[in-house]
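Residue-level listing of the chains:
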Number of protein chains: 2
Amino acid sequence: MEINEKVLLEETVEKIKSKKIKHILRIQQTELKAVDEFMYKKGITRMMPLMMAPITDTLNHSVEENELKYEGQDFDVMKSMIFHKQLALVNPELDSLYIVSPNIRLEKAERGDSRHLFEFSQVDFEFKNGNMDQVFSFMEELLTYVFSEVKANCKDDFEAIGVGTSHLDIVTPFKRYRTEDLREKYGEDFEEIASKESTQPFWLINHKREFYDAEDLNNMGTYLNYDLIWPMGYVEGLSGAEREYKYDRILVRMRELGVNEEAFRHYIELAKRGELVKSAGAGFGVERMTRFVCQQNEVSDVTVFCRKPGKGKYIF
Amino acid sequence: MEINEKVLLEETVEKIKSKKIKHILRIQQTELKAVDEFMYKKGITRMMPLMMAPITDTLNHSVEENELKYEGQDFDVMKSMIFHKQLALVNPELDSLYIVSPNIRLEKAERGDSRHLFEFSQVDFEFKNGNMDQVFSFMEELLTYVFSEVKANCKDDFEAIGVGTSHLDIVTPFKRYRTEDLREKYGEDFEEIASKESTQPFWLINHKREFYDAEDLNNMGTYLNYDLIWPMGYVEGLSGAEREYKYDRILVRMRELGVNEEAFRHYIELAKRGELVKSAGAGFGVERMTRFVCQQNEVSDVTVFCRKPGKGKYIF
């Protein structure tokens, strides 16, 4: 392995010395500063992230599992703070919250593509009594603000990396599509094809995935969840949903999806007591947004250290 | 264990429903927003955090160890990004950087005191060609700005939690003490006693700890490292140092402290090539700053979910 490690060390140093990374990070920093300002003005409470917990996102795809033991108890590394968002909103004074949340998702090697990292950060937000329409207009307003700040403050950085900013001239409200309609039009690769054909971000509604995404009771078998799709082939940039929060619905959905009820016993107990509240929210990937904003080939191009799945060995 | 779990669940729900947490989080959010603004104005590049890596902080005290396996390789959970800060500064265009960095330190149960959490966030910064004086005046200017923003924007929140703000009227430059002098004056508990006797934050210089903290070559056996001590008994709020970066010095220090050189072979190789650069920096704990700002009994009082060591069982 020694030769291989030497090659990897050279690659690692070359990546660290990237001539464009300082500019990309400055643009990303401007995005995050604008996000925080926007949240602050809207009165949305910021929570600090957790990185480990007895329960975490069930995720709709399989990753390498890893548990941390602490004081004899098993903790998962945080895949997302979805349940901690729901639980924090049990506080009667908290109406809305967000977290700049680092997530670990130990993706299988086959996800060593242009858009996955095995650790990344997402901006994760949740509104008590929220719904899809509210999340959509909130996010459209947020992006309008963030992109205008980036355009106003990062001219030199865009010039340095040789990227224009016309893709940041977004027009709101974004179009809304349903997965069943795009699937009919484009076939199974509908998300990628529709992203490539679009010049504007769009909403994609109704995905069969997690138990905590609310099923549409007026149209069973469809779901009140949504993704924001970046245009020009940059694909998924945000996932969110109205949430299941009622005891009976949570149990039904957990059983459909084979969730380990024992692991979720305290969460289920709070649902049973009626403590969980109606909410809707979403999380958007920071590095994926930066990849789109900076029009980079790979999400890995916006990080200093390599966290792309499938390398087999990581130096730092 | 069932009864015990029921009691813990009630405690957990009671903590989530804390009447003061919304105000504390708003104050903390104001601190962080001011920190980001300050960094932005100073042109300090923001990096996103990593949560796992092949090498992490060696720490000068023992915690429960946990490794994550990914693609057959062992990763440590991130105790601090000290090495990744040094490594990122290998990029010739990056002069300074910071990270809002969540850290996992699985403290032994005996650290279940008023000032430890087993996961927390720190603002971690590093300056190429930096030195102690520069870090001190930078941090004093930063705190002056952060506290003035908090006082200007959070009057209602301080009122709601029944806390004044006179402790935020800081006078800079802070006093500087050396550990050997305070030890002589107060004995082994000098840090806590001096903190309790002070009404202003102060610097505490020269700690025998990590290999990467530079030894003072003009006064061997003493170190160019420092803590910022919060007054009124709130004790340590920041740790930092000028860094070792030369190959021979790093090897000497590693051998003194019994560091695993095999685990650090790539880091050592870069030092050998002269790639590591002179730097100085520090990290300050977000929740500890908030505890001081909000004058709370315990650092655990500023979080929604319990991460205090020694509970033996954690519900969420």
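Analysis parameters
Residues numbered from 1 in each chain as written. Chains lettered and ligands numbered in written order. Predicted model: local features only at pLDDT ≥ 70, side-chain atom pairs only at ≥ 80, totals over all residues. Heavy atoms only, no water. Axes fitted to C-alpha atoms, helices over the stretch in contact; angles between N-to-C directions. Helix = DSSP H or I, 4+ residues; strand = E, 2+ residues; numbered from the N terminus. Parallel < 35°, antiparallel > 145°, perpendicular 65-115°, else oblique. Left-handed = near helix turned anticlockwise from the far one by under 90°. Contact = heavy atoms within 4.5 Å. Nonpolar A, V, L, I, M, F, W, Y, C, P; charged D, E, K, R; others polar. Buried area = accessible area lost by both parts, 1.4 Å probe. Salt bridge = Lys/Arg side-chain N within 4 Å of Asp/Glu carboxyl O. Buried < 20%, exposed > 50% of the residue type's maximum accessible area, 1.4 Å probe, protein only. Arc of directions from axis to C-beta. Pairing = 2+ DSSP bridges. Phe/Tyr/Trp six-rings, centres within 6.5 Å; stacked < 30°, edge-to-face > 60°. Disulfide = S-S within 2.5 Å. Least-squares fit on C-alpha atoms with pLDDT ≥ 70 in both.

*Asks:* Can you break down the packing of helix α2 (residues 21-41) of chain A against helix α2 (residues 21-41) of chain B residue by residue, with the values?
*Replies:* Two measures define how a pair of helices packs: the angle their axes make with one another and the distance between the axes. Close contact between α2 of chain A and α2 of chain B brings their axes to 11 Å; oriented N to C, the two are set at 150°. By the angle between their axes, α2 of chain A is roughly antiparallel relative to α2 of chain B. Here α2 of chain A runs over α2 of chain B; the crossing is left-handed. Counted together, R26, Q29, T30, K33, D36, E37, M39 and Y40 of chain A of α2 of chain A and R26, Q29, T30, K33, D36, E37, M39 and Y40 of chain B of α2 of chain B form the full contact between these two elements. Looking at side-chain class alone, the contact of α2 of chain A with α2 of chain B contains four nonpolar, four polar and eight charged residues.

*Asks:* Give me the lowdown on the interface of chain B and chain A, citing residues and values where you can.
*Replies:* Facing the 87 residues of chain B at the interface are 87 residues of chain A. Sorting the residues of chain B by area buried against chain A places Y40, Y70 and F316 of chain B first, and these three jointly supply 11% of that buried surface. Here chain B and chain A share six salt bridges between them. For E10 of chain A, the salt bridge goes to R273 of chain B, with nearest N and O atoms at 2.6 Å.

*Asks:* Describe in detail helix α7 (residues 190-197) of chain A, supporting the description with residues and values.
*Replies:* Residues and elements named next belong to chain A. Every buried residue of α7 is accounted for by F190, E191, A194 and S195. In an axial view of α7, the angular spread of the buried residues amounts to 125°, which keeps them on one side of the axis. Turned more than 90 degrees away from the buried face of α7 sit K196 and E197, all of them exposed.

*Asks:* Can you tell me about the sheet that holds strand β4 (residues 73-77) of chain A, naming the residues and giving the values?
*Replies:* Residues and elements named next belong to chain A. Overall, antiparallel pairing links the three strands, which are arranged β2-β4-β3 in an open sheet. In this open sheet, the two edge strands, each paired with only one partner strand, are β2 (52-53) and β3 (67-70). Here β2 runs beside β4; their pairing, made up of two bridges, is antiparallel. Residue pairing in the sheet places A53 in a bridge with D76 of β4.

*Asks:* Which residues make up the packing of aromatic side chains, and what are the values?
*Replies:* Residue and element names in this part refer to chain A. Taken as a whole, this structure holds 56 aromatic pairs over all chains when the rule is applied. Arranged with centres 5.3 Å apart and planes meeting at 85°, the rings of Y177 and F202 form a pair that is edge-to-face. Of this pair, Y177 sits in strand β7 (residues 175-178) while F202 is found in strand β8 (residues 202-205), placing the two residues 25 residues apart along the sequence. In this structure F202 comes out as buried when scored by relative accessible area, which is 2%. Through a chain of ring-to-ring contacts, the aromatic side chains of F38, F125, F127, F138 and Y145 assemble into a single cluster.

*Asks:* Go over the sheet that holds strand β11 (residues 279-285) of chain A with me, naming the residues and quoting the values.
*Replies:* Pairing in this open sheet of eight strands is mixed, and the strands run β1-β5-β6-β11-β10-β9-β8-β7 (chain A) from one edge to the other. The sheet is open, and its two edges are formed by β1 (45-47) and β7 of chain A, each paired on a single side. Averaged over all adjacent pairs, the angle separating strand axes in this sheet is 25°, with direction ignored. Running at roughly 80° to β1 of chain A, α2 of chain B makes contact with β1 and β5 (96-104) of chain A of the sheet.

*Asks:* Explain the state of the cysteines to me, using residue names and the numbers behind them.
*Replies:* Counted according to the given criterion, the structure contains zero disulfides over all chains. With no disulfide of its own, C306 of chain A has C294 of chain A as its nearest cysteine by sulfur position, at a separation of 18 Å. Here C154 of chain B stays free of any disulfide, with the sulfur of C294 of chain B as its closest cysteine sulfur at 8.3 Å.

*Asks:* Break down unusual backbone geometry for me, with residues and values.
*Replies:* Geometrically, the link from T172 of chain A to P173 of chain A is a cis peptide bond, its omega value of -5° lying close to zero. The backbone of N206 of chain B shows a phi angle near 80°, a positive value even though the residue is not glycine. With respect to the secondary-structure elements, N206 of chain B resides in the loop between β8 (202-205) and β9 (225-230).

*Asks:* Give me the relation of the copies chain B and chain A: which residues, what numbers.
*Replies:* After a rotation of 180° and a shift along the axis of 0.0 Å, chain B superposes on chain A with an RMSD of 0.0 Å. The relationship between the two copies is best expressed as a two-fold rotation axis. When you check the interface residues of chain B against chain A, 100% turn up at the interface there too, and the contact is symmetric in its surfaces.

*Asks:* Describe the side chain of S300 of chain A, naming the residues involved and giving the relevant values.
*Replies:* All names here are of chain A. Of note, S300 is situated in the segment after α10 (286-293). Judged by relative accessible area, S300 falls into the buried class, the value being 6%. Setting aside residues no more than four positions away along its own chain, S300 makes contact with K15, L117 and K308.

*Asks:* Help me get a handle on the side chain of H84 of chain B, residues and values and all.
*Replies:* Residue position: H84 of chain B is located in helix α3 (residues 82-88). Excluding anything up to four places from it in sequence, H84 of chain B contacts F305, R307 and F316 of chain A together with L50, A53, I55 and M78 of chain B.

*Asks:* A description of the packing of helix α8 (residues 247-257) of chain B against helix α9 (residues 265-272) of chain B should follow, citing residues and the corresponding values.
*Replies:* All names here are of chain B. Contact geometry of α8 with α9 gives a least axis separation of 8 Å together with a crossing angle of 145°. Listed contacts from α9 to Y247, I250, L251 and M254 of α8 are Y267, I268, A271 and K272. By residue class, the composition of the contact of α8 with α9 is seven nonpolar, no polar and one charged.

*Asks:* How would you explain the pairing of β9 of chain B if you had to name every residue and give the values?
*Replies:* Residue and element names in this part refer to chain B. Burial of β9 is extensive: six of the six residues sit out of reach of the surface. Residue alternation in β9 divides its side chains into two sets, N225, D227 and I229 and Y226, L228 and W230, and both sets are buried. Of the pairings in the sheet, the one linking β8 to β9 comprises four bridges and is antiparallel in character. Looking at the pairing, I205 lines up with Y226 of β9. Pairing of β9 with strand β10 (residues 235-242), which is carried by six bridges, proceeds in the antiparallel orientation. Pairing of W230 across the sheet is with V235, part of β10. Counting the residues between successive antiparallel strands, the hairpin from β9 to β10 contains four residues, one of them, M232, with a positive phi of roughly 60°.

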